[in-house]
Amino acid sequence: RTEPRIARRIWDALGDAGTVLNVGAGTGSYEPPDRDVTAVEPSAVMRAQRPPQAAPCIVAAAESLPFADDSFDAAMAVLSDHHWSDPLAGLREMARVARRVVIFQWDNTLIGDFWLVRDYLPEFATAGEGRPSLAERAAAIDATMEPVAIPWDCQDGFFHAYWRRPEAYLQEPVRHGTSVWSPVGRRSNGGPSRHSQTDLTSGAWHQRNRDLLDRDELDLGARLLCTG
């Protein structure tokens, strides 16, 4: 689901762009309602979940966008480029077809600091090895990088969204809503859920993370990459 406070940052970064390309658009979250949006999504499963009012969507991959140079005022991608076979090629394609590029993504060099990874999913700390870092992706398109704090009551369901609501990670729908649990969660055979449930019941989680309990928002490594 679209988190409105994050959406505001993304839409502000689009500036005065009238035409926007959403790459790896998924179900259409974060597509600005007041712009002329074209969506690109290669997955039939994701396209089938787009609501009727979502932007028109074409089948294509980020690495080979079927558009002429400077076809759009801006191109955006939200938590998408880590799924691409070649993120750098995809980002360069976005920069080719649009005069401005806006990317919302996590800095994976900081993933090990998140309590869920640190204490329950340590194997995920190296999940991004061999892939371009966020700094390398920014450099590929000469983008600036700005931190985006995650609110404690974030309405989106991405991996970091429940940083102050640990009980949410025990729920199957939450785990099914993020790609992390597909390669990592199954390999761990339910261990993180069992251990975190024990720590929540005993109060160990709250003691270990007491500095988070009064925070309204937190920098967990989310970044906005912007060009133009």
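J.: Would you mind going over helix α3 (residues 87-97) with me for this structure?
T.: Along an α-helix, a turn takes 3.6 residues, which lines up residues three or four apart on a common side. Regarding α3, the residues found buried are Pro87, Leu88, Gly90, Leu91, Glu93, Met94 and Val97. Of the surrounding secondary structure, the elements contacted by the buried residues of α3 are β1 (19-23), β4 (74-78), β5 (101-106) and α5 (134-140).

J.: I would appreciate a short explanation of the packing of aromatic side chains in the present structure.
T.: Two descriptors summarise a pair of aromatic rings, namely the distance from one centre to the other and the angle between the planes of the rings. Scanning all chains against the criterion turns up 12 aromatic pairs. A centroid spacing of 5.7 Å and a plane angle of 80° characterise the contact between Trp115 and Tyr169, whose relative ring orientation is edge-to-face. Taken as a pair, Trp115 in helix α4 (residues 115-119) and Tyr169 in the loop between β7 (150-151) and α6 (172-176) lie far apart in primary sequence, 54 residues in all. Tyr169 matches Trp115 in its accessibility class, with the two residues each being buried. Taking the centre distance of 5.2 Å and the plane angle of 75° together, the rings of Trp115 and Trp205 count as edge-to-face. Here Trp115 is found in helix α4, whereas its partner Trp205 is found in helix α8 (residues 204-208), with 90 residues between them in sequence. Just as Trp115 is buried, Trp205 falls in that class too. The structure contains a cluster of three or more aromatic residues connected by ring pairs, namely Phe114, Trp115, Tyr120, Phe124, Phe159, Tyr162, Tyr169 and Trp205. Between the NZ or CZ atom of Arg164 and the centre of the ring of Trp152, over which it lies, the distance is 4.1 Å.

J.: For this particular structure, what's the right way to read the environment of Gln49?
T.: Position of Gln49 among the secondary structure elements: in the loop between α2 (44-48) and β3 (57-58). Counting along the chain gives 22 residues from Gln49 to Thr27, while the straight-line C-alpha distance between them is 5.5 Å. A distance of 3.2 Å separates the side chain of Gln49 from the backbone oxygen of Val45, its partner in a polar contact.

J.: Mind showing me how you'd approach the sheet that holds β4 here?
T.: To summarise the sheet geometry, strands pair through backbone hydrogen bonds and adopt either a parallel or an antiparallel arrangement. Pairing is mixed in the open sheet, where 7 strands are placed in the order β3-β2-β1-β4-β5-β9-β6. The open sheet has two edge strands with one neighbour each: β3 and β6 (144-147). Relative to β5, β4 is paired through 4 bridges, and the arrangement is parallel. Pairing of Ala75 across the sheet is with Val101, part of β5.

J.: Looking at this model, I keep getting lost on the nonpolar core. Mind explaining?
T.: Taken as a class, soluble globular proteins show a tendency for nonpolar side chains to be buried jointly. Ranked by internal contacts, the top residues of the largest apolar core, which has 46 residues, are Phe104, Phe158 and Phe159. Among the secondary structure elements, those contributing two or more residues to this core are α1 (4-13), β4, β5, α4 and β9 (222-226). Once residues lying within four places of it in the same chain are set aside, the contact partners of Phe158 are Ile6, Tyr30, Leu79, Phe104, Trp106 and Ile150. Counting residues in hydrophobic clusters, the runner-up holds 22 residues, among them Trp84, Leu91, Ala98 and Ile141.

J.: Quick question: what am I supposed to make of the pattern of salt bridges here?
T.: In a structure, side chains of opposite charge can pair up when their charged atoms sit close to one another. Scanning the entire structure with this criterion turns up 14 salt bridges. A salt bridge links Glu3 to Arg5, with the shortest nitrogen-to-oxygen separation between them at 2.6 Å. Classification of Arg5 as partly exposed rests on a relative accessible area of 33%. Here Glu93 ties to Arg96 by a salt bridge, and the two come within 2.7 Å at their closest N and O atoms. Placement of the pair is Glu93 and Arg96 together in helix α3, with a separation of 3 residues, close to one helical turn. Members of the salt-bridge network, linked through shared partners, are Arg118, Asp119, Asp199 and Arg208.

J.: Would you take a moment to explain the pairing of β5 for this structure?
T.: In the case of a regular strand, side chains alternate between the two sheet surfaces. With 6 of 6 residues buried, β5 is to be regarded as a mostly interior element. Judged by which residues are buried, β5 turns out to be covered on both faces: Val101, Ile103 and Gln105 on one side and Val102, Phe104 and Trp106 on the other are all buried. Once the chain exits β4 it traverses α3 before rejoining the sheet at β5, and the crossover so formed is right-handed. In terms of strand pairing, β5 meets β9 through 5 bridges, oriented antiparallel.

Rules used throughout
- The numbering scheme is per chain: residues are counted from 1 as the chain's sequence reads.
- Totals for whole chains, interfaces and linings use every residue, but because this is a predicted model, local features are given only for residues with pLDDT of at least 70 and side-chain atom pairs only at 80 or more, for both listing and counting.
- Based on all heavy atoms of the structure, the side-chain values leave hydrogens and waters out of the count.
- To sort residues, take the accessible area from a 1.4 Å probe on protein chains only and compare it with the maximum for the residue type: under 20% means buried, over 50% means exposed, and anything in between is partly exposed.
- Each helix is a run of DSSP H or I of at least 4 residues and each strand a run of E of at least 2, with the numbering of both proceeding from the N terminus.
- Here, two residues are considered to be in contact whenever any of their heavy atoms come within 4.5 Å of each other.
- Two rings from Phe, Tyr or Trp (for Trp, the six-membered ring) form a pair when their centres sit within 6.5 Å of each other. Planes less than 30 degrees apart are called stacked, planes more than 60 degrees apart edge-to-face, and all others tilted.
- Look at NZ for Lys and CZ for Arg. If either is within 6 Å of the ring centre and within 35 degrees of the ring normal, a charge sits over the ring.
- Pairs of N or O atoms are called polar contacts if they sit within 3.5 Å, as long as, within protein, a hydrogen donor faces a hydrogen acceptor (for residues adjacent in sequence, only side-chain-to-side-chain pairs).
- In this scheme, strands are said to pair when DSSP sees at least two bridges between them.
- For this analysis, a nonpolar core means a set of buried residues of the types Ala, Val, Leu, Ile, Met, Phe, Trp, Tyr and Cys, connected via side-chain atoms within 4.5 Å.
- Salt bridge, as used here: a side-chain nitrogen of Lys or Arg that lies within 4 Å of a carboxyl oxygen of Asp or Glu.
- The definition of a right-handed crossover adopted here requires that, viewed with the strands pointing away, the path from the first strand over the helix to the second runs clockwise.

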